[in-house]
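So the chains spell out like this:
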Amino acid sequence: MNRKNLPLILMLVAGAVTCIISLIQKYSVLRSLISLFIVLVIFFFLGSVMKWTLDYFEREIEKRSQEEGEVITKEAENEEGNSEGNKEGNKEEQKA
């Protein structure tokens, strides 16, 4: 899943909400810009943390599924080896 733009989208939505609230409350331009800047920085940081956390969980899930796939593959190979060994053993017994 593409999460590259998650921090940017979260930051821009929060910025838009801040602008609307500052217009409704009739803040001065300087107060609006300062609050907008603070909100953008905070939400960019939060979005980055969220992206990193989701990517970490995805990597862990992929790692576990690969480990389970290896275990299943090894078990299947062992079962095939055992069944082939039994066939060879039966052939040797029939020759004797």
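Details of the structure are given in the entry above.
Residues numbered from 1 in each chain as written. Predicted model: local features only at pLDDT ≥ 70, side-chain atom pairs only at ≥ 80, totals over all residues. Heavy atoms only, no water.

Peer 1: Could you give me a rundown of the overall build of the chain, with the residues and numbers involved?
Peer 2: Along the chain, the regular secondary structure elements total 2 helices and 0 strands. The 96 residues of the chain split such that 12% are buried. Considering only residue pairs separated by 6 or more positions, the chain has 79% of its internal contacts joining residues 24 or more positions apart. Carbon together with sulfur atoms contributes 63% to the accessible area of the chain, which is approximately 8,300 Å² in total. (Helix = DSSP H or I, 4+ residues; strand = E, 2+ residues; numbered from the N terminus. Buried < 20%, exposed > 50% of the residue type's maximum accessible area, 1.4 Å probe, protein only. Contact = heavy atoms within 4.5 Å. Areas by Shrake-Rupley, 256 points an atom, 1.4 Å probe, with all protein chains shown as cover.)

Peer 1: Tell me about unusual backbone geometry, residues and numbers included.
Peer 2: Across the chain, the bulk of peptide bonds are trans and the bulk of non-glycine residues have phi less than zero. Non-glycine residue Lys26 carries a positive phi angle of around 55°. Its location among the elements puts Lys26 in the loop between α1 (6-24) and α2 (29-95).

Peer 1: Describe the side chain of Arg3, naming the residues involved and giving the relevant values.
Peer 2: Inspection of the secondary structure assignment puts Arg3 in the segment before α1. Judged by relative accessible area, which is 14%, Arg3 ranks as buried. At 3.1 Å, the side chain of Arg3 forms a polar contact with the side chain of Asp55. Among the polar contacts listed, one links the side chain of Arg3 to the side chain of Glu58, at a separation of 2.6 Å. Sequence-distant contacts of Arg3, that is, excluding residues within four places in its chain, are made with Lys51, Leu54, Asp55 and Glu58. (Polar contact = N/O pair within 3.5 Å; in protein donor to acceptor, adjacent residues only side chain to side chain.)

Peer 1: Any details on a nonpolar patch on the surface? Residues and values, ideally.
Peer 2: On the surface, Leu30, Ile34, Phe37, Ile38, Val41, Ile42, Phe45, Leu46 and Val49 cluster together into a nonpolar patch covering about 870 Å² of accessible area. Note that Phe45 resides in helix α2. (Patch = residues over 30% accessible without salt bridge, like charges linked within 9 Å, V, L, I, M, F, W, Y side chains within 5 Å. Salt bridge = Lys/Arg side-chain N within 4 Å of Asp/Glu carboxyl O.)

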